[in-house]
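For reference, the chains in residue letters:
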There are 2 protein chains.
Amino acid sequence: MTIDSTLRKALLQPRTIALVGASPDLAKNNSRTQRFLKRFGYNGRVLPINPTRTEILGERAYPDLKSAPGPIDHAFIMVPAAAVPQVIDQCCELHIPVATLFSAGFAELGEEGLARQQAMVARARAAGLRLLGPNCMGLINVHDHMPLTVNAVIEREELVPGPLSLISQSGSMTGSILSRAQARGLGFSKLISVGNECDLGVGELADMLVDDDDTGAILLFLETFRDAGKLAEAARRANALGKPVIAYKLGRSGVGRQVATSHTGAMTGPDEIAGAFFREHGIIRVDTFEGLFETAQLVIGHRPPRGKRVSVVTGTGGAAAMVVDRLGVLGADVVGPAPEVIASLAEKDIQVSDAPLIDIPMGRSEGGRYSAILSALLLSEHTDAVVSVIGSSAQNPQIIVDRVLQVEARNVKPLGVFLAPRADDALVQLQRNGVASFRTPESCADAVNAYLNWRAPGTRVRADAEVHAAAQIARRFELDRLSERDAGTLFHALGVRIADYRVVSKASDAVDLMGPCAVKLLSPDILHKTDAGMVALNVAREAIAARAQGMLDEAKARFPEARIEGVLVQQMERGLAEMIVGFRRDPEVGPVVILGMGGIAAELTKSITVRIAPVTLDTAREMIGDVRELGLLRGFRNLPKGDLEALAAAIRAVSLLALIDTRIVTDAEINPLIVKEDGRGVVAVDGLVVFET
Amino acid sequence: MTIDSTLRKALLQPRTIALVGASPDLAKNNSRTQRFLKRFGYNGRVLPINPTRTEILGERAYPDLKSAPGPIDHAFIMVPAAAVPQVIDQCCELHIPVATLFSAGFAELGEEGLARQQAMVARARAAGLRLLGPNCMGLINVHDHMPLTVNAVIEREELVPGPLSLISQSGSMTGSILSRAQARGLGFSKLISVGNECDLGVGELADMLVDDDDTGAILLFLETFRDAGKLAEAARRANALGKPVIAYKLGRSGVGRQVATSHTGAMTGPDEIAGAFFREHGIIRVDTFEGLFETAQLVIGHRPPRGKRVSVVTGTGGAAAMVVDRLGVLGADVVGPAPEVIASLAEKDIQVSDAPLIDIPMGRSEGGRYSAILSALLLSEHTDAVVSVIGSSAQNPQIIVDRVLQVEARNVKPLGVFLAPRADDALVQLQRNGVASFRTPESCADAVNAYLNWRAPGTRVRADAEVHAAAQIARRFELDRLSERDAGTLFHALGVRIADYRVVSKASDAVDLMGPCAVKLLSPDILHKTDAGMVALNVAREAIAARAQGMLDEAKARFPEARIEGVLVQQMERGLAEMIVGFRRDPEVGPVVILGMGGIAAELTKSITVRIAPVTLDTAREMIGDVRELGLLRGFRNLPKGDLEALAAAIRAVSLLALIDTRIVTDAEINPLIVKEDGRGVVAVDGLVVFET
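Read on for a plain summary of the structure. The shown structure was predicted, so the numbers you read here are calculated from the model rather than taken from an experiment. (Residues numbered from 1 in each chain as written. Chains lettered and ligands numbered in written order. Predicted model: local features only at pLDDT ≥ 70, side-chain atom pairs only at ≥ 80, totals over all residues. Heavy atoms only, no water.)

**Notes on the overall build of chain A**
Helix and strand counts for chain A come out as 22 helices and 30 strands. Considered along the principal axes of its C-alpha atoms, chain A spans approximately 95 × 80 × 40 Å. A fraction of 72% describes how many contacts in chain A between residues 6 or more apart in sequence connect residues 24 or more apart. Summed over its atoms, the accessible surface of chain A is roughly 26200 Å², and 49% of this surface lies on carbon and sulfur atoms. The distance from the centre of the 75 positive side-chain charges to the centre of the 82 negative ones in chain A is 2 Å. (Helix = DSSP H or I, 4+ residues; strand = E, 2+ residues; numbered from the N terminus. Contact = heavy atoms within 4.5 Å. Areas by Shrake-Rupley, 256 points an atom, 1.4 Å probe, with all protein chains shown as cover. Lys, Arg positive; Asp, Glu negative; His and termini not counted. Charge placed at Lys NZ, Arg CZ, Asp CG, Glu CD.)

Okay, here's the thing in structure tokens:
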């Protein structure tokens with residue numbers, strides 16, 4: 001679904017709002033919305049609904065929605081969960097287009113609440129009523145003076161119009177972000193608390209904001225993904241239109257995921273999956289709280305960078321070193337000025353060295369020199385972003401003008417300013433003049449690094465002949481969980497080389513493989529074959545027939561019920577490294593492909609790299625670059641080089657499982673995939689494919 | 001040297017200050033100190049020194065120090081570097097006890113400046129004059145109204161007395177930290193900018209502050225270590241007296257170290273060495289800028305914790321999840337309440353679960369419930385620190401009182417409060433009432449984690465019989481760089497088992513070793529023996545004699561000048577892992593012991609762990625715990641266990657090289673040290689020892 005203009009108006013610019021459960025008691029949350037609407041000058045009709053009152057805070061009150069004068073555009077529901085169904089019924093009867101539910105007591109409480117929520121959604125869907133929440137704080141349309149929210153923070157805040165729009169899965173964070181950003185000179189357009197997202201979700205709402213002319217950047221505060229597909233589409237549209245989407249997401253640590261899970265009632269996978277999602281769809285991800293809004297001004301009007309290079313200019317070494325040090329930790333390339341920049345500055349009698357920190361001890365009157373250096377860097381092809389760090393003199397507004405605001409080229413590429421002392425006025429002065437300003441070295445480095453890691457959305461990979469062939473093969477399998485032989489057949493169809501094998505059913509079957517082999521029983525009913533003694537490795541050629549017959553005999557005796565399809569005799573393979581290439585349909589973000597070290601190293605290091613599937617060859621190469629241990633296979637210390645191109649091709653092939661449409665693959669894995677010497681390819685030794693049941 | 005009471009008074013409470021190079025020009029830095037002294041009510045005599053003026057800013061000026069009315073306690077020197085020597089001469093002649101040099105143009109400029117600085121120090125030392133700086137901003141004694149500084153920040157700041165004292169290697173950071181901390185309700189006692197530390201250094205000044213009654217916590221902003229030994233002693237004394245020392249140090253990244261190096265003219269080693277230093281001497285290390293001062297209130301009055309456990313309480317899930325998530329990333333143990341806490345709260349009719357985040361959705365009037373939970377946790381034995389996260393309502397001062405300030409147990413263990421919205425007043429309100437308050441989730445988690453990682457200074461290890469024996473052996477070696485045989489002898493004396501070997505000088509020498517051996521030429525003049533073909537591995541027993549003779553013959557032919565001591569025939573050893581155990585006398589912090597994976601893994605992973613040497617067995621065990629790959633040797637997945645106790649003993653043994661006093665070991669390494677199965681010990685296969693020349 002997308003949000004049409006009728007719904008958008010009802011959501012953001014309703015002419016009549018019903019406040020169901022409004023209260024005159026100023027100590028109660030339920031009194032806030034009405035007060036806020038009045039205080040901030042909402043110019044539509046407000047209808048308090050309360051069966052025990054005829055007047056609330058100076059407005060006539062009505063016992064229920066049906067008694068109130070229609071048409072109502074938007075119902076804001078604050079009654080207890082038990083009373084919600086009858087309110088929803090009335091909304092449906094009255095053809096109210098949208099209801100926002102502050103009411104809690106739904107999916108966030110577990111199974112019973114979830115059932116209540118699902119029943120409510122079913123009722124609303126049938127009648128064409130859209131729902132925001134439940135368990136949300138509401139939404140604010142700043143430009144139209146429409147604070148339809150219970151958030152306590154705006155008791156003490158003004159509403160400053162500006163280009164930021166925020167969608168938050170945490171209701172209270174809308175107020176926290178609003179108050180912090182406004183104090184820094186940044187204004188908002190829309191702030192939307194989505195609560196449980198029973199109907200309207202982050203993706204659909206982001207999609208709406210892509211087309212909102214008052215929104216210059218879309219900020220997301222996320223605990224989970226509930227409609228990742230829609231969010232992906234919205235982010236891609238935003239990117240095409242040059243509107244940045246910036247996300248802060250919880251769940252970097254195990255305990256963080258545990259808390260997010262209990263808080264939202266949703267499951268959250270490893271953080272690498274979220275990272276892959278953001279990267280794939282061109283979403284800028286920040287890692288610090290204030291970075292979420294501080295990054296906006298840095299990136300608005302800019303496109304993803306070509307490299308990861310940043311230049312840092314300062315007149316105060318210590319403070320700038322904090323930013324440089326952290327940029328280094330984050331992996332950004334802090335670069336000194338290019339020779340042509342040094343030369344062009346020398347022509348203006350400004351001497352700078354090529355050191356990574358451009359540190360120019362200076363007096364107050366030398367703003368011209370400083371701004372000339374900033375200009376030269378902003379215009380240089382050899383850097384992707386510029387940071388200016390100002391020390392003690394930052395409290396002087398004229399310094400800010402002289403050093404930064406008079407720089408004509410300041411919008412050519414992202415420019416961020418970190419101020420070392422307390423300098424609240426200067427922070428605001430910079431933001432109001434369109435220059436990103438940062439309060440801490442950590443958020444400055446975080447934002448700049450987030451920009452440097454920003455990439456345009458990945459190319460969509462389409463099904464090719466191999467995928468069509470694999471799809472035909474997949475259709476033929478009867479089981480949901482394929483044997484290693486059948487899994488191998490599917491991987492082979494996608495272009496992965498499989499270790500050579502023969503299936504034998506008696507000792508006299510000829511096995512024409514070279515060298516030692518693995519001998520494994522083929523049976524869909526015996527799952528842990530190694531533990532059951534049904535796998536033998538490194539069996540010499542002359543011993544294969546006897547070992548296979550022995551295994552068949554033993555299996556028949558020990559597992560009389562099991563279906564036995566024969567014995568797989570497989571060429572033993574050796575190489576330079578053993579990898580795992582995995583595929584998983586993540587419950588939140590959908591298909592992903594995973595690369596990690598195989599064998600025991602996998603369980604020990606847990607270092608994996610993930611991308612949204614399917615991937616291009618280029619993305620597969622990038623994944624190989626992510627795995628530190630694979631550095632060994634790049635000709636390190638005269639060690640033999642591995643066939644990393646073949647590995648990239650295999651990663652891409654596995655990722656193509658996402659496109660098979662005859663049956664849905666939920667999990668798959670090649671483990672191990674053996675990487676041989678350069679030119680000799682890779683070979684899959686064992687594999688697993690599980691279809692959706 | 002330590003700072004005696006005369007020097008301390010001259011430094012911090014001078015009765016007469018001479019401002020050498022004072023200027024009446026308000027636009028110049030040189031005018032600031034005089035204005036500041038006046039503005040903040042300094043009650044001693046101020047003598048401006050300037051050869052071209054008879055009066056400056058209302059004070060009588062003198063052409064030079066000798067013409068000014070003595071005695072002068074403290075000379076503050078602001079003249080250009082070229083004019084400094086004659087000023088120093090006059091200070092010496094007049095027996096002025098201390099001079100602070102704002103003047104730049106010394107060691108920070110390179111060789112020539114360093115020579116100038118060294119000459120100045122020699123002159124001063126001879127006359128008993130102590131120097132602070134050069135290239136420093138001066139110092140501020142807040143309680144005594146003595147702002148002897150050129151820092152521009154205090155043009156716009158008041159000076160608020162409080163318990164923090166700061167020593168900073170970056171001059172401008174003193175102003176930045178002062179302004180930020182004061183705006184947060186934190187006051188200062190002393191702020192000292194040390195510049196190039198040509199004489200008075202961080203360590204000696206910290207030592208002085210340990211005894212300063214107005215100093216409750218010592219903060220350090222560091223770019224390098226110039227007097228690590230004195231700093232270590234000061235930190236240990238501070239710890240004994242219960243006065244926390246908190247450090248922020250640049251150089252976490254390569255580019256950060258490069259910048260610190262160019263900025264200070266000092267060399268800086270890998271950050272792990274700095275970390276080892278802080279840990280060993282009981283210094284709390286923070287990683288965020290604001291964490292440096294925000295941590296003070298958290299730790300003042302507390303001792304190092306027993307565990308790494310922290311409890312987090314909130315009424316606002318999203319904001320608290322930010323803190324929990326980051327604590328998890330940093331490695332803290334976020335723990336739910338213990339059963340007895342749950343039970344005791346249940347008695348008060350307060351229900352909490354054992355989830356790691358204690359999330360209690362609540363209304364405004366329920367502060368009593370909140371504070372009861374905080375109390376119970378602060379009194380619980382099952383957690384080491386408590387964090388409270390307050391959301392939208394943080395802007396209400398009464399909420400702060402109800403939820404936090406009325407908690408009686410709030411000083412029992414560290415309690416930190418993070419406020420999600422902008423709530424500047426509440427931040428100040430908390431700090432003024434002795435509760436640590438945090439402006440960002442990142443600095444909150446950083447500070448709490450820094451506290452949880454704080455350990456009491458390590459036990460000093462003393463020389464034992466093995467060290468004395470090794471010292472006698474070390475004395476006997478003639479070379480500065482020992483052969484593998486001699487290095488082995490030294491390691492063996494310290495208690496490390498060496499792979500069994502024989503030295504042969506002709507084919508007929510009997511070799512009674514079992515199994516295959518390594519055969520290596522012994523010569524101090526052939527350094528890269530493997531490249532020279534002078535190492536053969538896995539030589540079968542029957543081939544050893546011929547291989548040794550062949551090597552001797554070839555060496556004599558190819559390297560006729562080389563001294564040849566024979567051929568080392570060494571038992572080949574196998575085990576479960578190969579480690580490197582290294583020792584190094586770091587130019588900044590002194591002896592350190594290093595543990596890392598051996599072989600190619602070392603160069604690839606670069607994951608090392610470092611401690612100040614010598615170490616106890618317990619510390620050696622801790623180091624083993626730091627190396628992720630050694631998890632394999634703990635009985636993982638039914639793999640054989642490694643002899644990690646023997647590894648710990650070997651690490652300790654190598655670290656004892658620090659105590660050998662007959663000759664100074666600068667570098668040493670066992671590579672590889674083979675770790676065998678549990679009970680079978682470790683064995684050194686190759687080693688290196690380098691003595692100071």
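**Structural notes on the sheet that holds strand 13 (residues 245-249) of chain B**
Residues and elements named next belong to chain B. With mixed pairing, 7 strands are arranged side by side in an open sheet as 9-8-11-10-12-13-14. Of all strands in the sheet, those with a lone pairing partner are strand 9 (146-149) and strand 14 (284-286), marking the two edges. In this sheet, neighbouring strand axes are inclined to one another by 20 degrees on average, regardless of whether the strands run parallel or antiparallel. (Pairing = 2+ DSSP bridges. Axes fitted to C-alpha atoms, helices over the stretch in contact; angles between N-to-C directions.)

**A few points about the side chain of K520 of chain B**
All names here are of chain B. Tracing the sequence through the fold places K520 in strand 22 (residues 517-522). Since its relative accessible area comes to 6%, K520 is described here as buried. In terms of polar contacts, K520 uses its side chain to reach the side chain of Q570, at 3.4 Å. For K520, the contacting residues outside a window of four places in its chain are E484, M534, V535, M551, G566, V567, L568, Q570, V685 and D686. (Buried < 20%, exposed > 50% of the residue type's maximum accessible area, 1.4 Å probe, protein only. Polar contact = N/O pair within 3.5 Å; in protein donor to acceptor, adjacent residues only side chain to side chain.)

**Considerations on the relation of the copies chain B and chain A**
Of the transformation placing chain B onto chain A, the axial shift is 0.0 Å and the rotation is 180 degrees, giving an RMSD of 0.1 Å. The transformation just described matches what one would write down for a two-fold rotation axis. Judged by C-alpha distance, E442 of chain B is the residue of chain B that lies nearest the rotation axis, at 4.3 Å. (Least-squares fit on C-alpha atoms with pLDDT ≥ 70 in both.)

**Focus: the interface of chain B and chain A**
Across the boundary between the two partners, chain B contributes 70 residues, which contact 70 residues of chain A. Both faces considered, chain B and chain A share a buried interface measuring about 5900 Å² in area, 57% of it formed by carbon and sulfur atoms. Here chain B and chain A share 6 salt bridges between them. E157 of chain A is paired through a salt bridge with R422 of chain B; the nearest N and O atoms lie 3.4 Å apart. When contributions to the side of chain B that touches chain A are tallied by element, the ones reaching two or more residues are helix 5 (171-183), strand 13, helix 8 (254-264), helix 11 (317-330), strand 17 (357-359), strand 19 (415-419), helix 16 (441-452) and helix 20 (599-605) of chain B. (Buried area = accessible area lost by both parts, 1.4 Å probe. Salt bridge = Lys/Arg side-chain N within 4 Å of Asp/Glu carboxyl O.)

**Points about the pairing of strand 26 (residues 590-597) of chain B**
All names here are of chain B. Among the 8 residues that make up strand 26, 8 are buried, leaving the element largely enclosed by the rest of the structure. In this structure, strand 25 (residues 577-586) lies alongside strand 26, joined through 8 bridges in antiparallel fashion. When the bridges of strand 26 are listed, D586 appears paired with G590. Linking two consecutive strands that pair antiparallel, namely strand 25 and strand 26, is a turn of 3 residues. Relative to strand 27 (residues 608-612), strand 26 is paired through 5 bridges, and the arrangement is antiparallel. Paired with L595 across the two strands is T609, which belongs to strand 27.

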